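Analysis of the macromolecular model
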There are 2 protein chains.
Amino acid sequence: MEREKAPETAVPIGDAARLSGVKVPTIRYYEQIGLLPAPARTEGNRRLYAGTDLRRLAFIRHARELGFDVDAIRTLLSLQDRPEQSCASADAIARARLAEVRQRMAKLKALEDELTRMIDECACGRVAECRVIETLAEPHRHGALA
Amino acid sequence: MEREKAPETAVPIGDAARLSGVKVPTIRYYEQIGLLPAPARTEGNRRLYAGTDLRRLAFIRHARELGFDVDAIRTLLSLQDRPEQSCASADAIARARLAEVRQRMAKLKALEDELTRMIDECACGRVAECRVIETLAEPHRHGALA
DNA sequence: TCTTGCTCCTCTAGCCGCTAGAGCATGTAG
DNA sequence: CTACATGCTCTAGCGGCTAGAGGAGCAAGA
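Residues numbered from 1 in each chain as written. Chains lettered and ligands numbered in written order. Predicted model: local features only at pLDDT ≥ 70, side-chain atom pairs only at ≥ 80, totals over all residues. Heavy atoms only, no water.

**Things to note about the nonpolar core**
Counting residues in hydrophobic clusters, the biggest one holds 79 residues, and the most contacted among them are A:Ile27, A:Phe68, A:Leu76, B:Ile27, B:Phe68 and B:Leu76. If near-sequence neighbours (up to four positions away) are discounted, A:Phe68 is found in contact with A:Ala63, A:Ile73, A:Leu76, A:Ile93, A:Ala94, A:Arg97, B:Leu115 and B:Leu136. (Core = buried A, V, L, I, M, F, W, Y, C linked by side-chain atoms within 4.5 Å. Buried < 20%, exposed > 50% of the residue type's maximum accessible area, 1.4 Å probe, protein only. Contact = heavy atoms within 4.5 Å.)

**Digging into the pattern of salt bridges**
Tallied over the full model, the rule gives 18 salt bridges over all chains. Between B:Arg47 and B:Glu31 there is a salt bridge, and its shortest N-O distance comes to 2.8 Å. Residue B:Arg47 is found in strand E2 (residues 47–48), and its partner B:Glu31 is found in helix H2 (residues 24–32); the two are separated by 16 residues along the sequence. When its relative accessible area of 18% is taken as the criterion, B:Arg47 is described as buried. Through salt bridges with shared partners, one network takes in A:Glu31, A:Arg41 and A:Arg47. (Salt bridge = Lys/Arg side-chain N within 4 Å of Asp/Glu carboxyl O. Helix = DSSP H or I, 4+ residues; strand = E, 2+ residues; numbered from the N terminus.)

**Some points on the protein's contact with DNA strand D**
Neighbouring residues of DNA strand D: 17 residues in total, closest A:Tyr30, A:Arg64, B:Gly14, B:Arg28 and B:Arg47. For DNA strand D, the backbone portion of the atoms within 4 Å of the protein, that is sugar and phosphate, comes to 80%. A:Tyr30 places a polar side-chain atom, nitrogen or oxygen, 2.9 Å from a phosphate oxygen of DNA strand D. The contact in question runs from a phosphate oxygen of DNA strand D to an N or O atom on the side chain of A:Arg64, over 2.7 Å. Elements with a minimum of two residues in the surface near DNA strand D: helix H2 (24–32) of chain A together with helix H1 (13–20) of chain B. When residues in the surface near DNA strand D are grouped by element, the largest group, 3 residues, is from H2(A). (Near = heavy atom within 4 Å. Polar contact = N/O pair within 3.5 Å; in protein donor to acceptor, adjacent residues only side chain to side chain.)

**Observations concerning the side chain of A:Thr135**
Within the secondary structure layout, A:Thr135 lies in helix H6 (residues 131–137). The class of A:Thr135 is buried, set by a relative accessible area of 0%. Ignoring anything within four residues of it in the chain, the contact list for A:Thr135 reads A:Glu114, A:Arg117, A:Met118 and B:His62.

This is the structure:
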């Protein structure tokens, strides 16, 4: 019984890319930096991705979408690999990330306000009266924070 | 000698950095990429920044803070240099940036929600039950773009 | 069989906006 | 005069990919 060719067994990198939503060169890059283990190869030296690889790839992609950096993902993956442990680290990483996200949002809100003001106040005549340019040219305090 | 630092003359790069809030190497970098004109030099080959340079630097810094990329700043600066022209381009650049900012905010909001959910639902026991890890591992649709 | 045309391989270099460091010259205070 | 800060140029590195060269493998059609 040759059941070795089940449909979901292993796929080449192009399919892995389509299935996971991670681009082909990016998959190879993840392998290079050790985020994804080197998969099996065919006789012709092509990468063959199994289900576990694809799941890991999806995990990475999702985490990247949420803005986790590679280092954080490395930690999360290592946690995932040892399900006995406490998930306090994962929680901490997520919390740190949430704090970052909130900070970034606050900043963007300030930006939005300023941009809106710039645009609204711009009579859109000559540059000489342009609020957009003018606002940017205004001296800004910077002493403490960058 | 109490040679007064005449305020309206020209300052070396370190002072320019302190006054503008742009770091020394960054100032040199801006010169290198042609964002800031090469300033006058002393006999000893040191850069001397005059008021116009400092104002330009402040402009650049403010624009960078608002997230404009170097190309956009180049355009804004060239507009600033010709105050007769219509400021429609500046307006367009600012509007494009505003759209970007809003998009980014929406994304971050979604992120915040997901992170909040992840954290809230995590009982913080073993990894096996950790929502943080679990959520990241969930298959995500991506085919049509999220 | 050959050929077309896709996928895949490795390798190197480039992107942005800086930042860090080496190795040397200059300026200034004590 | 000596220390030490500040300046100079130059090169290389960061993260997280992305692009391209130059070649090999492989399935299907003529």
